[in-house]
Amino acid sequence: MTERSPAGIGATRSRLAAALVLLSVASLFLGLYFGSLHFSLPQTAAALWSGTPDLAHRVIWELRLPRVLAAFVCGALLATAGALLQVLLRNPLADPYILGVSGGAALGALAAMVFGAGALGVNGVALLGALVAAGIVFGVGFRGGDWNAYRLLLTGVVLAAGLGALISLVLTLAPDAQLKGMLFWLMGDLSDAGSSGAAWAVLAIVLGGAMLLAPGLNALNLGNLKARSLGVAVGALQIAIYFGASAATVAAVLLGGTIGFIGLIMPHVIRLLGVNDYRWLLPLSALLGGAVLTLADTLARTVWAPQQLPVGIFTALIGVPTMLWLLSARR
């Protein structure tokens, strides 16, 4: 079997990047085009480019565009967090929810909902819960200047299990009138996403910082000893990865609830397409995650319109067949 030349690998990456950019643009446009109210293509294009305050302009700019942007950045955050945690833990099953940070956010959010808090209160308590969970995992996983990935992973899994039990207790005790909204939040719900400016800022910081650290991530992917022999400050890099992935996860959870599958599978899809260099893997995973979640959210709000379905259902329906096909098609 012959190895591909660097030029061939670079051409493959460039083609894949161009394809994912086109997919991202298409997903954003489809998200603006489809909805419970139907507008023709000329109406949609005119609403995007003209300032005429008609019905199409208001619906697209005030309702659909904020949600489409929220879906895209949420997917990009989850995919970025998944890629970072997989190299940190050296575990292909690692995803943004494996360390219990999302469980802390979910428990805080659901508890706030039970007490009738508004959107700001729910996000505030969810953020507090996520910070507490992240602090517990970090405190146990990093002790005395020693970072142990296995202890970190085990701590996260145990904490996530305990938080899952508390979440079940909250759901059991919740009033029936609030239960449906709480279940939607747990399965992913972007209907109340609102402004996504803060999430975009977090994505820019985390993804930008991770791109700067990409050479170290490539070395760390070979193992701690190999990374140290190449001059990488492994402990500091692992701490940066942990807090970067945690920040991305928290931002995504606060925006759209707990949306599964994206953070676990999207980095693997990019790897199966032949990209392992983190200088390319991270941005391509973010593009793919954003596009897939945007398409899934478009389906969630149009398939059964005017009723909206949890977006997590559609991330699995889109991603599982795609992943199975890639696994069967490649050696």
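Residues numbered from 1 in each chain as written. Predicted model: local features only at pLDDT ≥ 70, side-chain atom pairs only at ≥ 80, totals over all residues. Heavy atoms only, no water.

### Details of the overall build of the protein chain
Consideration 1: Within the protein chain one finds 14 helices and 2 strands.
Consideration 2: For 331 residues, the compact-globule estimate of 2.2 N^0.38 gives 20 Å, and the C-alpha radius of gyration of the protein chain, at 20 Å, lies within 12% of that figure.
Consideration 3: Each principal axis of the C-alpha distribution contributes one length, and for the protein chain these read about 65 × 55 × 35 Å.
Consideration 4: Within the protein chain, the fraction of its 331 residues that count as buried is 49%.
Consideration 5: At a minimum sequence separation of 6, the contacts of the protein chain that also span at least 24 residues come to 74%.
Consideration 6: Computed over 17 positive and 10 negative side-chain charges, the inter-centroid distance for the protein chain is 13 Å. (Helix = DSSP H or I, 4+ residues; strand = E, 2+ residues; numbered from the N terminus. Rg over C-alpha atoms; globule rule 2.2 N^0.38 Å. Buried < 20%, exposed > 50% of the residue type's maximum accessible area, 1.4 Å probe, protein only. Contact = heavy atoms within 4.5 Å. Lys, Arg positive; Asp, Glu negative; His and termini not counted. Charge placed at Lys NZ, Arg CZ, Asp CG, Glu CD.)

### Focus on empty space enclosed by the protein
Consideration 1: Evaluated as defined, the whole model comprises 1 cavity of 30 Å³ or more.
Consideration 2: Considered as a void within the structure, the largest cavity measures approximately 40 Å³ in volume.
Consideration 3: As for the largest cavity, its lining consists of Leu85, Pro96, Leu99, Val101, Tyr242, Ala245, Ser246 and Thr249.
Consideration 4: Per element, the largest residue contribution to the lining of the largest cavity is 4 residues, and it comes from helix α11 (residues 234-256).
Consideration 5: Across the lining of the largest cavity, the residue classes break down as 6 nonpolar, 2 polar and no charged. (1 Å grid on protein atoms, 1.4 Å probe; cavity = no way out; pocket = protein on both sides within 12 Å on 5 of 7 lines; lining within 4 Å. Points joined across faces, edges and corners; volume = space filled by probe spheres on them. Nonpolar A, V, L, I, M, F, W, Y, C, P; charged D, E, K, R; others polar.)

### Details of the pattern of salt bridges
Consideration 1: This structure, assessed with the given rule, holds 3 salt bridges.
Consideration 2: Here Arg67 makes a salt bridge to Asp297, at a shortest N to O gap of 2.8 Å. You can see Arg67 sitting in helix α3 (residues 55-89) and its partner Asp297 sitting in helix α13 (residues 278-302), a full 230 residues away along the chain.
Consideration 3: You can call Arg67 buried: its relative accessible area is 10%.
Consideration 4: Exposure remark for Asp297: the relative accessible area of 2% places this residue in the buried category. (Salt bridge = Lys/Arg side-chain N within 4 Å of Asp/Glu carboxyl O.)

### Remarks on the environment of Pro310
Consideration 1: Looking at the element boundaries, Pro310 is found in the loop between α13 and α14 (311-329).
Consideration 2: Using a relative accessible area of 4% as the deciding quantity, one classes Pro310 as buried.
Consideration 3: Residues Pro310 and Leu299 lie 11 residues apart in sequence; the distance between their C-alpha atoms is 9.8 Å.
Consideration 4: In contact with Pro310, not counting residues within four places along its chain, are Phe184, Met187, Gly188 and Ala300.

### Topic: helix α12 (residues 262-272)
Consideration 1: Taken across its 11 residues, α12 has 9 buried, putting it largely inside the fold.
Consideration 2: Along α12, the residues classified as buried are Ile262, Gly263, Ile265, Met266, Pro267, His268, Val269, Ile270 and Leu272.
Consideration 3: Downstream of α12 by a residue or two, Gly274 has a phi angle that is positive, lying close to 100 degrees.

### Points about the side chain of His268
Consideration 1: Within the secondary structure layout, His268 lies in helix α12.
Consideration 2: In this structure His268 touches Gln86, Pro92 and Met323, once residues within four positions along its chain are discounted.

### Focus: the confidence of the model for the protein chain
Consideration 1: When the pLDDT values of the protein chain are averaged, the result is 88; 96% of them are 70 or greater.
Consideration 2: The least confident element of the protein chain, judged by mean pLDDT, is strand β2 (residues 146-147) at 66; the most confident is helix α8 (residues 197-212) at 96. (pLDDT = per-residue confidence, 0-100.)

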